[in-house]
Amino acid sequence: MDQETQQVYDNHGRRINYVRLAVTDRCNLRCFYCMPEHGIKYLPRKELLTYEEMERLLRILTHLGVNKLRITGGEPFVRQNLMDFLERAADIPNLEYIHLTTNGVLTAPYIPRLKAMGISSINLSIDTLDRERFKQITRRDEVEKVKATFYELLEAGIPLKINAVVIDGKNTQDIVELAKLTREHRVDVRFIEEMPFNGEGAHYPELTWDHLRIKQELEQHFGQLEALPGVANSTSVNYRIPGHQGSVGIIAAFSRTFCGSCNRIRITSQGTLKTCLYDNGVLDLKGIMRSGAEDENIRQHLLRAFGSRDRDGFEAESKRSYQISESMSVIGG
Ligand code: SAM
Ligand code: SF4
């Protein structure tokens, strides 16, 4: 088969065409569900993939049929020269879609360049519009900057989604407020179940607000939601509130209802391949590259990993020898 057009399927018949790349583990916020407040052990800089290594992996992955990239972190804009890297990534043949997830604190100055490079969409993470609750959740007083970024992204016409993690006792009163943003704006507001990745291991959320309860909360306020047609491989189930311009989505990240169509792999900031969010890392790509491996050798490693993928997040989690203790800032969400 022509390398340029190869399509790769895993051992469960799912095509793999989407990579999520964490460009850093560092962050300027301290969301309690993602990172501990103190005592964070950032990776030494030399343990992070370099931009050259990331670009090399992306080129190899596009030969295996990956056409969609999401840049994440940590906070991507904390890493220096991110825009130069994104502009180079935009030139990689067959990498059709480049998306970015950001907390929006440092993002605004880069909007013109993001627009010019043709970013496919941006996910802005904001769990509440309320200053005090934002401070409680992120341990930083930055909500105004994030709101400003929201309006500037809308103004720039960049397709925009909002990510809001729903946490009992912290922001459930914001579900309706955030959903109201879809009345006037063409934005998708997605509510995410909390997952056990706060870097402290001990915290495994008891999910009192699962996808069903989030939907119920929306319907109690807005009446019956209009179901929108499913987008292939999407993790969110999407709805429109009648008369609203945007849409709302619910991501059952903890309940894991979407594994059957999972098309994604992850590369952590230290260059570990994860073929499931809940696995423990299946391949040390950085080590392989730094030991001098040729592209073909890396390709073979990747194909083997794709060919022995766990069926779903429950199987992946059950194989872990210890409880999940990573921070989402290393994995990238
Ligand atoms: N710093 C950027 C941001 O916050 O958008 C990108 C990285 S962050 C790890 C990516 C996404 O993961 C964010 O939308 C964040 O809300 C989500 N996330 C982090 N920890 C989570 C957790 N324990 N459960 C559910 N979602 C989480
Ligand atoms: Fe930082 Fe994003 Fe994690 Fe919040 S969710 S601490 S913004 S990496």
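Located above this text is the structure these notes cover.
Residue positions within a chain follow its written sequence, with the count starting from 1. The naming scheme follows written order: chains are lettered A onward, ligands numbered 1 onward. Reporting of local features is limited, given that this is a predicted model, to residues whose pLDDT is at least 70; pairs of side-chain atoms are given and counted only at 80 or more, and all residues count toward the totals for whole chains, interfaces and linings. Heavy atoms throughout the structure, all of them, feed into the side-chain values; hydrogens and water do not.

K.L.:
Just to check I follow, could you spell out the site of ligand 1 for this structure?
P.N.:
A molecule or strand has a residue near it when one of that residue's heavy atoms lies within 4 Å. Taken together, 19 residues are adjacent to ligand 1, and Tyr-33, Gly-74, Ser-125, Asn-163 and Met-195 come closest. At a separation of 3.3 Å, an oxygen atom of ligand 1 approaches a polar backbone atom of Thr-102. Side-chain polar atom of Asn-163 to an oxygen atom of ligand 1: 3.1 Å apart, as the coordinates give it. Compared with its free state, where it exposes 550 Å², ligand 1 has 95% of that area covered by protein. Within the residue set of the shell around ligand 1, elements represented by two or more residues are strand 3 (97-102) and strand 5 (160-166). By the convention adopted, Pro, Cys, Tyr, Trp, Phe, Met, Ile, Leu, Val and Ala count as nonpolar, Lys, Arg, Asp and Glu as charged, and the other residues, Gly among them, as polar. Considering only residue class, the shell around ligand 1 consists of 6 nonpolar, 10 polar and 3 charged. Polar contact is the term for a pair of N or O atoms within 3.5 Å; when the atoms are in protein, one must be able to donate a hydrogen and the other to accept it, and sequence-neighboring residues count only if both atoms are side-chain atoms. Residue-level accessible areas treat just the shown protein chains as cover; the underlying method is Shrake-Rupley with a 1.4 Å probe. Segments assigned H or I by DSSP are reported as helices when at least four residues long, segments assigned E as strands when at least two residues long, and all are numbered from the N terminus.

K.L.:
How should the site of ligand 2 be read in this particular structure?
P.N.:
Around ligand 2 sit Cys-27, Leu-29, Cys-31, Cys-34, Met-35, Gly-74 and Asn-103, and those are all the residues in its vicinity. Within the shell around ligand 2, the residues separate by chemical class into 5 nonpolar, 2 polar and no charged.

K.L.:
I would appreciate a short explanation of the pattern of salt bridges in the present structure.
P.N.:
Oppositely charged side chains are able to pair whenever their charged atoms sit close together. Note on definitions: salt bridges are taken to be side-chain nitrogens of Lys or Arg within 4 Å of carboxyl oxygens of Asp or Glu. For the coordinates displayed, the defined rule picks out 24 salt bridges. Between Glu-144 and Lys-147 there is a salt bridge, and its shortest N-O distance comes to 3.6 Å. Within this pair, Glu-144 and its partner Lys-147 are both found in helix 5 (residues 143-156), separated by 3 residues, close to a single helical turn. The exposure class assigned to Lys-147 is partly exposed, which follows from its relative accessible area of 24%. Linked by salt bridges that have partners in common, Asp-310, Arg-311, Glu-315 and Lys-319 make up one network. Each residue gets one of three labels from its accessible area relative to the maximum for its type: buried under 20%, exposed over 50%, partly exposed in between, using a 1.4 Å probe on protein chains only.

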